[in-house]
Amino acid sequence: MSKKERAEEQKSGSAEEKRIDKIWQIFSSVKTAIVLFVIISVSSIIGTVVVQNAPLDQGIESLSKFTGDALARKLYPLIADMGLSDMYGSWWFASLLFLFALNITICSIDRLPKVWKIVKEPIKPIPVELLAKMPVRHEFGVKTDIASVKQALISGLRKAGFKKISGAEGASADRNYICTEKGRYTRLGVYVVHFSIVLILAGAMINTIFGFSSQINIMEGDSSSSVVLLNGKERELNFAIRCDDFDTEYYPNSGRPRSYKSSLSIIKNSKEIARKNIDVNDPLIFDGIKIYQASYGFYFRRDADFIFRIQKINDRGQKGTVPDLRTPSGVPVFDGAGSESGLSPSLQTLRLKYGETFKIPGTNITGKVVDFNPSFAIDQNTGQPYIREKQMSNPAVGVEFYEKGALKDAKWIFKRIPDTWKVMEGYTIEFVDLWGVQYTTLLVNRMPGLPVIYTGFIILSIGLYMAFFMSHQKIWIKLSEKDKPVKVLIAGSANKGGEGLKRKIERLAEDI
Amino acid sequence: MESSQFFAISSIAYILAMVAYIAYLVFKSSTVGIVATTITTTGFISQTIAFFIRGKEFYDIGQMGIMRAIPLTNLYESLIFFVWCLILGYLIIEWKYKNRSFGAFVTPIAGMALAFIDITGMSKAIQPLIPALQSNWLLAHVTLSFIAYATFALSFATAIMYLAVTSEGKKSGAYIFWTATLGIFLVVLIAMGLDFFVAGEHLDEHGHMVKSGLFRATFKNASGGVAALSYLAALGFMFIMWKYGYVFKKIIGSFSISGEMLDDLTYKCIAIGFPIFTLGGLIFGAIWADQAWGKYWSWDPKETWSLITWFVYAFYLHARFMRGWRGKRIAMVAAIGFVSTVFTYLGVNLLLSGLHAYGGV
């Protein structure tokens, strides 16, 4: 609807129509857009200073960096009461985003007809006098005849990407007048961008209404069919997730994790229907629900399984085959690093509980699990071992060895240090895992709006390219043969980036 | 040779170039100008070599293939890359516009970024990729973000130059704005320079260099007197900037740089940076976040601040095209845009916490 039409309608319209018109005008103004930019920005800044969705003490701690501890203690609960500690999830922030989407939509609808008119209208020859006033001009003389100059210009234009050249087929009245254009549709780039932003916001809204996002901690060996939503409520899934194993791999000689992964099974009606080892950056997707590896933790249980692998050192340096390690429920355990050295096929894979004993095959030596440390470290002052953190970052198991009932040796065997596995002449005891003490933290979500959002991303990319790297370029060429050398006047205009067009025209002139 | 040696060469080169470009601005000797360009180019080549060597070192340590051997995984590496993009962009502008005077405004930004590395004592070690960073999106997301940051830095330099050239009268808002902004930048630069000279003094009880020693020599000095004096000196410096800012104007004015050209250059930098930032920073970031964290957008401080930066530049574009803003007002918006960019890049990691913590000091 053009402004004129609207003005007419306003005169004849009812009071209600006037009101609607007024609202329309407010939302179609760039001023509103700018005001919204500012309001959303300022409130977002508050959200980055006040830690969101965090426990009280954590919120106070992070605020104290800006205000000091005493003030933060008083201020943070107040802020939390105002709803600013869950700002991005609040109704008013969502409304701001909604208004933003509305504003973009109405702005675009308001301006689109005018632009559409330009886009729909092909280039027309303009009077020669006006060509002299065009922003880009180039004038020169050519000695050859007019027909070949015209031919050369047309092929030059084609090469430069101008496909439709009017006047070329002699359809126009003036045979010595050529005009052409390209990129007419790129004028819509801005609106393509606006549309894609609305689409992305719509996708986000679909996710908020129809999707969910939740977390769940599952111990190794346990399963769960209910997850905890962000607001703390529980939600039942129509299947159960079982964590068969969890493992962290570290870079050599460093506490930096290289990967952490969970072996998950999906169980429905007590039947296993899917299984995957998930990793950060590699989720399990089942029935539209995605399960991500988010974090992990350690929780000691006395009934957990110590898994050992006993091997005999092979003189010929033959590579040992990797034995199949399985948990009681028959699912595999992530393998340790043992199989790379020159070891024979394993003699025995053991799983035992704290305090239990085992026998090294072919000898009369028995071992007994007497101690465990998930993150073994030595105190530099006292020289005593201690538990550095409640994580399996450097697991070590204390084993006592007996021969004929007499204590022969006591050793720490480290999961991550193969040198400590060589406990007896000719034998290694690899500490594969303590299974059942780690839990995996999974992020479970359903985002039905994701395809809409991704479509929005693609359209946004296209729109940005149209809006910033392409332009609507028009070229008019007038040839005149009054004088002996043929006079060529090339004029052009572009809706942005005039230099590109200028260069094109110069190249066109050079070629002739 | 190791990458660190080439990086050291380039750091020295850029700081020398900064001096040379400022000397060029003052003395207008074309010999000095050529020397400045030569030093910058040498630094750039050295840095390019260093970047490849570090990539190779990274590849050897990580053993994860070429796509996972991009040395862009911590603050140190990202600052180095930012400077590389900035210098590349500057050299292109110098070559295209045949004008060296921008150098005096761009090289201090580069010098500041490099000085920041040594002052804060941030880790320069190659850190193998933590699981969240093990993605092919790392390359696309990080490189494009930093290319965009560099174009924004260039637009900041030209916007400040524009304000310097066009503002009239010491009491006009534009004059106060540009002298204050440039003043703050220079104060920070000088304070970091002082940190750099007294850096060795700050060792903790284990004899390790104290991290984040930023402003420890001045504003955050253990002695309250020195700190107070620093603030006073900073205020005095700002006053001098305000009082004698017009000298800058005269100098720049003598280089046949028109305000129109600076305005156009500012716009061009933003017109390149904005779509790259949207695609690389926001879209690719969202896709990666969806894959790694299960949330394409989680209002993490880094995300929120990039959105704010995006809004500022969107504001710039709309004000320019829809409201017809030109000149001083729009140049101020461009300058604010870069302040927001700096906060997105550094402020978030230094002051706030969040999912992008690997970019911290």
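The rules we used
Position numbers for residues count from 1 along each chain, tracking the sequence in the order it is written. All chains are assigned letters beginning at A, and all ligands numbers beginning at 1, according to the order in which they are written. Local features are withheld for residues below a pLDDT of 70 in this predicted model, meaning they are given only at 70 or higher, and side-chain atom pairs are given and counted only at 80 or more; totals for whole chains, interfaces and linings count all residues. Each side-chain value is worked out from all heavy atoms of the structure, with water and hydrogens disregarded. Each helix is a run of H or I in the DSSP string that is no shorter than four residues. Each strand is a run of E no shorter than two, and both are numbered from the N terminus. In this setup the radius of gyration rests on C-alpha atoms only. A globule is expected at 2.2 Å times the number of residues raised to 0.38. For every residue, the accessible area (1.4 Å probe, protein chains only) is compared with the maximum for its type, and the residue is labelled buried under 20%, exposed over 50%, or partly exposed between those bounds. For this analysis, residues touch if any pair of their heavy atoms sits within 4.5 Å. Positive residues here are Lys and Arg, negative ones are Asp and Glu, while His and the chain termini are left out of the count. Think of each charge as sitting on NZ of Lys, CZ of Arg, CG of Asp or CD of Glu. Only the contacting stretch of a helix is used when fitting its axis, a line to C-alpha atoms as for every element, and angles between N-to-C directions run 0 to 180 degrees. Here is the rule for angles: anything less than 35 degrees is roughly parallel, anything more than 145 is roughly antiparallel, 65 through 115 is roughly perpendicular, and the remaining ranges are oblique. Handedness of a crossing is defined here by the sense of rotation of the near helix relative to the far one, left-handed for an anticlockwise turn of less than a right angle and right-handed for a clockwise turn. Gly is put with the polar residues, along with every residue not named as nonpolar or charged; the nonpolar set is Ala, Val, Leu, Ile, Met, Phe, Trp, Tyr, Cys and Pro, and the charged set is Asp, Glu, Lys and Arg. What gets called buried area is simply the loss in accessible area from a 1.4 Å probe that two parts show on being joined, summed for both. The rule for a salt bridge is simple: a side-chain nitrogen of Lys or Arg has to be within 4 Å of a carboxyl oxygen of Asp or Glu. In protein, a polar contact means a hydrogen-donor-capable atom and an acceptor-capable atom, both N or O and within 3.5 Å, with residues adjacent in sequence counting only if both atoms are side-chain atoms; elsewhere, any N or O pair within 3.5 Å suffices. Two strands qualify as a pair provided DSSP detects at least 2 bridges between them. Multiplying 1.5 Å by the helix residue count minus one yields the expected span of that helix. The directions considered for the arc are those from the helix axis to the C-beta atoms. The domain boundaries here were taken from an automatic or database domain assignment. Throughout, nonpolar core names a set of buried Ala, Val, Leu, Ile, Met, Phe, Trp, Tyr and Cys residues whose side chains join them through atoms within 4.5 Å.

(A) View of the overall build of chain B. A tally of helices and strands in chain B yields 10 helices and 0 strands. Scanning chain B from its N terminus toward the C terminus, one meets helices and strands in the order α-α-α-α-α-α-α-α-α-α. In terms of overall dimensions, chain B is globule-like: its C-alpha atoms have a radius of gyration of 20 Å, near the 21 Å expected for 361 residues. Overall size of chain B, expressed as C-alpha extent along the three principal axes, is 60 × 50 × 40 Å. Across the 361 residues in chain B, those meeting the buried criterion constitute 57%. In chain B, of all internal contacts separated by at least 6 residues, the share reaching a separation of at least 24 is 76%. Computed over 24 positive and 17 negative side-chain charges, the separation of the two mean positions in chain B equals 13 Å.

(B) Expanded view of the packing of helix α6 (residues 91-120) of chain A against helix α9 (residues 189-210) of chain A. All names here are of chain A. The contact between α6 and α9 brings their axes to 10 Å, and the two run at 155 degrees. By the angle between their directions, the pair α6 and α9 is classed as roughly antiparallel. α9 is crossed by α6, and the crossing has left-handed handedness. For the pair α6 and α9, contact is made by L97, F100, A101, I104, T105, S108, R111, L112 and V115 and by Y191, H194, I197, V198 and L201, respectively. Residues belonging to the contact of α6 with α9 are distributed by class as follows: 10 nonpolar, 3 polar and 1 charged.

(C) The interface of chain A and chain B, seen in detail. In this complex, chain A contributes 49 residues to the contact, which on the side of chain B involves 45 residues. Each partner contributes to the roughly 4200 Å² buried at the junction of chain A and chain B, and carbon and sulfur atoms together form 68% of this total. Our count for the chain A to chain B interface comes out at 1 salt bridge. In this structure, the salt-bridge partner of K290 of chain A is D290 of chain B, at a minimum N-O distance of 3.9 Å. Between chain A and chain B we count 11 residue pairs in polar contact (both at pLDDT 80 or more) in total. Elements with a contribution of two residues or more to the side of chain A that touches chain B: α3 (30-49), α4 (56-67), α6, α9, β7 (257-268), β10 (289-298), β20 (438-446) and α10 (450-469) of chain A. The dominant element in the side of chain A that touches chain B, judged by the number of residues it contributes, is α3 of chain A, at 10 residues.

(D) Up close: the sheet that holds strand β21 (residues 473-480) of chain A. Residue and element names in this part refer to chain A. Reading across the sheet, the 5 strands line up as β1-β22-β21-β3-β2 and stay open at both edges, with antiparallel pairing between neighbours. Taken across any chain shown, the strands that pair with only one partner, and hence form the sheet edges, are β1 (136-142) and β2 (165-166). The pairing of strand β3 (residues 177-182) with β21 spans 6 bridges and is classified as antiparallel. Following the sheet pairing, T180 is matched in β21 by I475. Its contacts with the sheet put helix α8 (residues 146-159) on β1, β2, β3, β21 and β22 (486-494), and the angle it makes with β21 is roughly 170 degrees.

(E) Representation of the pattern of salt bridges in the model. Here the structure, examined in full by the defined rule, presents 24 salt bridges over all chains. Salt-bridge contacts for E181 of chain A lead to R184 of chain A; the nearest nitrogen and oxygen are separated by 3.2 Å. Taken as a pair, E181 of chain A and R184 of chain A share a single burial class, namely buried. Taking the shortest distance from any N to any O, the salt bridge between R320 of chain B and D263 of chain B comes out at 3.3 Å. With R320 of chain B in helix α9 (residues 301-321) and D263 of chain B in helix α8 (residues 259-292), this pair connects stretches of sequence that are 57 residues apart. Summarising the burial analysis for this pair, R320 of chain B and D263 of chain B share the class buried. Among the ionic contacts, a cluster of salt bridges with common partners joins R242, D244, E272 and R275 of chain A.

(F) Fine view of the sheet that holds strand β12 (residues 348-352) of chain A. Residues and elements named next belong to chain A. One open sheet accounts for 3 strands, arranged β12-β11-β19; its pairing is antiparallel. Here the strands that pair on one side only, and so sit at the sheet edges, are β12 and β19 (427-435). Each neighbouring strand pair of the sheet contributes to a mean axis angle of 20 degrees, computed without reference to strand direction. Taken together, the 5 bridges between strand β11 (residues 305-312) and β12 define a ladder with antiparallel strand orientation. Opposite F308, over in β12, you have L350 as the bridge partner.

(G) Looking closely at the packing of helix α5 (residues 137-166) of chain B against helix α10 (residues 328-351) of chain B. Residue and element names in this part refer to chain B. Where α5 contacts α10, the two axes come as close as 8 Å, and the packing angle between them is 145 degrees. Relative to α10, the crossing made by α5 is left-handed. Here α5 contributes F146, Y149, F152, A153, F156, A159, I160, Y162, L163 and T166 to the contact with α10, which in turn contributes K328, A331, M332, A334, A335, F338, T341, T344 and Y345. Looking at the contact of α5 with α10, its residues break down into 15 nonpolar, 3 polar and 1 charged.

(H) Region of the structure containing α8 of chain A. Residues and elements named next belong to chain A. Compared with the 20 Å implied by 1.5 Å per residue over 14 residues, the 20 Å span of α8 between its first and last C-alpha is a close match. Buried residues of α8: I146, V149, K150, L153, I154, G156 and L157, and no others. The arc that holds the buried residues of α8, viewed along the axis, is 165 degrees, so those residues lie on one side. In α8, the exposed residues that point more than 90 degrees away from the buried face are A147, Q151 and K159. Looking at the buried side of α8, the elements it contacts are β1, β2, β3, β21, β22 and α11 (498-511). Of the residues one or two after α8, G161 is the one with positive phi, at around 100 degrees.

(I) Molecular detail of the domain arrangement of chain A. Under the domain assignment, chain A is made up of domain 1 (14-117), domain 2 (123-183 + 473-511), domain 3 (208-301 + 439-455) and domain 4 (305-434). Between domain 1 of chain A and domain 2 of chain A, the C-alpha centre-to-centre distance is 51 Å.

(J) Region of the structure containing the environment of I178 of chain A. All names here are of chain A. Inspection of the secondary structure assignment puts I178 in strand β3. Separated by 51 residues in sequence, I178 and L229 have C-alpha atoms that sit 66 Å apart. When sequence neighbours within four positions are dropped, the list of residues in contact with I178 reads K150, L153, I154, L157, I165, S166, I475, W476 and I477.

(K) Molecular detail of the nonpolar core. F82, L86 and F274 of chain B are the most contacted members of the largest nonpolar core, which has 150 residues in total. For this core, the element with the most residues is α5 of chain B, which contributes 18 residues. Each of two domains, domain 1 (14-117) and domain 3 (208-301 + 439-455) of chain A, supplies a minimum of three residues to this core. Leaving out residues up to four positions away in the same chain, L86 of chain B has contacts with V106, I109, A110, A150, A153 and L154 of chain B. Counting 25 residues, the second largest nonpolar core, distinct from the first, contains A304, V399, I413 and V437 of chain A.

(L) Spatial organisation of the pairing of β20 of chain A. Residues and elements named next belong to chain A. In terms of burial, β20 is a largely internal element, 7 of the 9 residues being buried. Pairing analysis gives 8 bridges linking strand β4 (residues 212-219) to β20, with the strands arranged antiparallel. Note on β20: the bridge partner recorded for N217 is T441. The sheet contact formed by β10 and β20 spans 8 bridges and is antiparallel. Bridging from a neighbouring strand, F298 pairs with Q438 of β20.

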